[in-house]
Amino acid sequence: MSNKQAVRVRFAPSPTGDLHVGNIRTALFDWAYARHTGGKLIFRIEDTDTERVTDQYINAAIETLKWLGLNWDEGPEVGGEYGPYLQSQRLDIYATWAQKFLDQKDAYHCYCSADELEERRQVQMKSNQAPGYDGKCRDLSADQIEKFKQAGRKPVVRMRMPDGETVFTDAIRGEVKFEHKYVPDFVLARADGSPLYTLAVAVDDVLMKITHVLRGEDLLSSTPRQIRVYQAMGVKIEEYPIFAHLPFVMGQDNAKLSKRNGEVSIAWYREQGFLPEAICNYLALLGWSPGDDKENITMAELVELFTVERVNSSPARFDMKKLEAINGDKIRALTLDEFLGWALPFLINSKVISGQADEIEVVKSALPIIQERIVKLAEIPAMLSFLFVKDFKVAPEELSKISDAASQNVLKVALSKVEVLSSWDHTSIESSLRVALIEELGLKPRVAFSALRIAVTGSHISPPLFESLQLLGKERSIDRIKAVISK
RNA sequence: GUCCCCAUCGUCUAGUGGCCUAGGACGUCGCCCUUUCACGGCGUUAACACGGGUUCAAAUCCCGUUGGGGACGCCA
């Protein structure tokens, strides 16, 4: 890209809800581009819609970004020389510019009421015209203005779109052209003086010296309006930021990603036990690719490889299965201590353990045998609970699988062998049991060990049997086997 | 409706005119490993939306069609 000055990219969400997958993909690309170029990431909160934005959502957004490891150089919590970074704290700035635009006649007061506008839109739609402001208040006479004022009307500030067209080069899509007859005059500020996105976004991008605007493609058609504000501000064309409109992330059925066709809230992914690096890795692959066949990449590799040139222009479908596959890979790559750190909160929150030191030791020794068996951290509690439950009981449907004579016999033989074992480690247990059940009784391993598995873990699906027995300890293992042997 | 954007296996993608009888990954299916479940290994499956050009040569460039998406707010 052409700017010689230091790159300044911004991520500017409007926190009207929890950050969703699409927001995060944008944030990730913003971050990766800033880091790749050695530039700055500016995090700005677009909270001009006071009806919908809440502090709770703002805090959640900050927290989510931090959790994902997408750090910013300027913005909430870290400050910066172009702040404040909450638009709600910059109201006077927008008011000043709105007034300037009015003075320059780039903008004008519009006295149309919301109801009137809606009515006219309906008429336009019915006659197959594009709905949009018709320019009624563009050139009001002093008399007309006076009448509106006397009627008690409060005007909004509306930007005048001159005749002509806006052409700009999108870094992902190439040259894009909008004829102004399709871009109606738009509102900059409400009657109470509060700014709208159209004003605030452009003013802030200029004032914060943003060089690159990477955002969702839904904002593509609002770009001419943004450029119109730059012009009114007197910004030179070579100083406009470079726009790059990222393709959508869609749900399974080709509709926008929503709760129905794949989860959207990042909070949900966190609760399920997706690792931040897995989420980022997967999201990076939606609309971008490293270029070679390597897909499992670290954040450092992403930073090294990410360029806007490699971003796709076509939308991507979100695929939970692939995210899970990547998450599984990332989990398997964790060191034991890292894995322990991620696993503990899940175990504690699900009340499998309370967090005592002795429990943690058991967890630590058990984690290696489940590490390659899970895809999400939330699966851990169910897999390890058999090591901690106080009143262990085999569920009836599993119990029924080992009530037959053959299973009972296996359990009795196994019990007798295991009771006399002097050393309780998984290799000793295994060799003793193999001799007794496989060699002497001639059973298939699958059959022989299945009954034991159910007896001691409560399920026919479990971590490896002999390691599980070792972790359980001799006493509890024997108790559990005894408990399922019918009298 | 109007404007804008988009179009390679089921999905994410590689591909920037010859290296493409289109490569990888996830998924699917099969086999191997195996005490269950996994992991791992091997193999399988399946795509350039359609029609015209341009060119010696097109998945790649151009035009059109079709299909999908977005925008058209005192939301962002």
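Small disclaimer: the values here were computed from a predicted structure and weren't measured. (Residues numbered from 1 in each chain as written. Chains lettered and ligands numbered in written order. Predicted model: local features only at pLDDT ≥ 70, side-chain atom pairs only at ≥ 80, totals over all residues. Heavy atoms only, no water.)

Looking only at helices and strands, chain A has 20 helices and 11 strands in total. Radius of gyration (C-alpha) of chain A: 32 Å, far over the 23 Å computed for a compact globule of 487 residues. By the burial criterion, 49% of the 487 residues in chain A qualify as buried. Of all intrachain contacts in chain A linking residues separated by at least 6 positions in sequence, the fraction that spans at least 24 positions is 74%. Accessible area for chain A stands at about 24,000 Å²; split by element, carbon and sulfur atoms hold 51% of it. (Helix = DSSP H or I, 4+ residues; strand = E, 2+ residues; numbered from the N terminus. Rg over C-alpha atoms; globule rule 2.2 N^0.38 Å. Buried < 20%, exposed > 50% of the residue type's maximum accessible area, 1.4 Å probe, protein only. Contact = heavy atoms within 4.5 Å. Areas by Shrake-Rupley, 256 points an atom, 1.4 Å probe, with all protein chains shown as cover.)

Close contacts around RNA strand B come from 67 residues, with Pro131, Arg173, Arg190, Arg373 and Arg453 the closest. The share of sugar and phosphate among atoms of RNA strand B within 4 Å of the protein is 73%. With respect to RNA strand B, the backbone of Asn128 contributes an N or O atom lying 2.8 Å from a sugar or linking oxygen. One of the side-chain nitrogen or oxygen atoms of Ser289 is found 3.3 Å away from a phosphate oxygen of RNA strand B. Secondary-structure elements contributing two or more residues to the surface near RNA strand B are α4 (114-126), β4 (156-159), β6 (174-179), β11 (316-317), α11 (320-332), α18 (445-457) and α19 (465-472). Looking at side-chain class alone, the surface near RNA strand B contains 27 nonpolar, 15 polar and 25 charged residues. (Near = heavy atom within 4 Å. Polar contact = N/O pair within 3.5 Å; in protein donor to acceptor, adjacent residues only side chain to side chain. Nonpolar A, V, L, I, M, F, W, Y, C, P; charged D, E, K, R; others polar.)

Moving on to the pattern of salt bridges. Enumeration according to the criterion identifies 28 salt bridges in this entry. For Arg44, the salt bridge identified is with Asp205, shortest N-O distance 2.9 Å. Linking Arg44 in the loop between β2 (40-43) and α2 (55-68) with Asp205 in helix α6 (residues 197-207), this pair joins segments that are 161 residues apart in sequence. Classification of Arg44 as buried rests on a relative accessible area of 0%. For Asp205, a relative accessible area of 1% translates into the label buried. The residue Asp329 makes a salt bridge to Arg332 at a minimum N-O spacing of 2.9 Å. With Asp329 and Arg332 both in helix α11 and 3 residues apart, the pair spans about one turn of that helix. (Salt bridge = Lys/Arg side-chain N within 4 Å of Asp/Glu carboxyl O.)

A few words now on the confidence of the model for chain A. Of all residues in chain A, 97% attain a pLDDT of 70 or more, and the chain-wide mean is 92. The complex model carries a pTM of 0.93, and its ipTM stands at 0.95. (pLDDT = per-residue confidence, 0-100.)

A word on the packing of helix α17 (residues 426-440) against α18. Across the interface, α17 lies against α18 with an axial gap of 9 Å and an inter-helix angle of 120°. Accordingly, the angle class assigned to the pair α17 and α18 is oblique. The handedness of the crossing between α17 and α18 is right-handed. Across from Leu433, Arg434, Leu437 and Ile438 in α17, the residues of α18 making contact are Pro445, Ala448, Phe449 and Leu452. Class assignment of the residues belonging to the contact of α17 with α18 gives a composition of 7 nonpolar, no polar and 1 charged. (Axes fitted to C-alpha atoms, helices over the stretch in contact; angles between N-to-C directions. Parallel < 35°, antiparallel > 145°, perpendicular 65-115°, else oblique. Left-handed = near helix turned anticlockwise from the far one by under 90°.)

This paragraph deals with α19. Counting buried residues in α19 gives 6 out of 8 residues, a clear majority hidden from the surface. Those residues of α19 lying buried are Leu465, Phe466, Ser468, Leu469, Leu471 and Leu472. In the stretch just after α19, Gly473 is the one whose phi turns positive, near 95°.

Before going further, it helps to examine the sheet that holds strand β7 (residues 186-189). Spatial ordering of the open sheet is given by β3-β4-β7, a layout of 3 strands whose pairing is antiparallel. Since the sheet does not close on itself, it has two edges, and those belong to β3 (107-110) and β7, each with one partner. Shown here is a sheet whose adjacent strand axes are inclined to one another by a mean of 45°, direction ignored. Contacts from helix α7 (residues 223-233) reach β4 and β7 within the one sheet, and its direction differs from that of β7 by about 55°. (Pairing = 2+ DSSP bridges.)

Moving on, we get to the state of the cysteines. Following the criterion strictly, the structure yields 0 disulfides and no others. Between Cys110, a free cysteine, and Cys112, which holds the nearest cysteine sulfur, the sulfur-to-sulfur gap is 3.8 Å. By relative accessible area, Cys110 is classed as buried at 1%. Distance from the sulfur of Cys112, which forms no disulfide, to the nearest cysteine sulfur (Cys137) is 3.5 Å. (Disulfide = S-S within 2.5 Å.)

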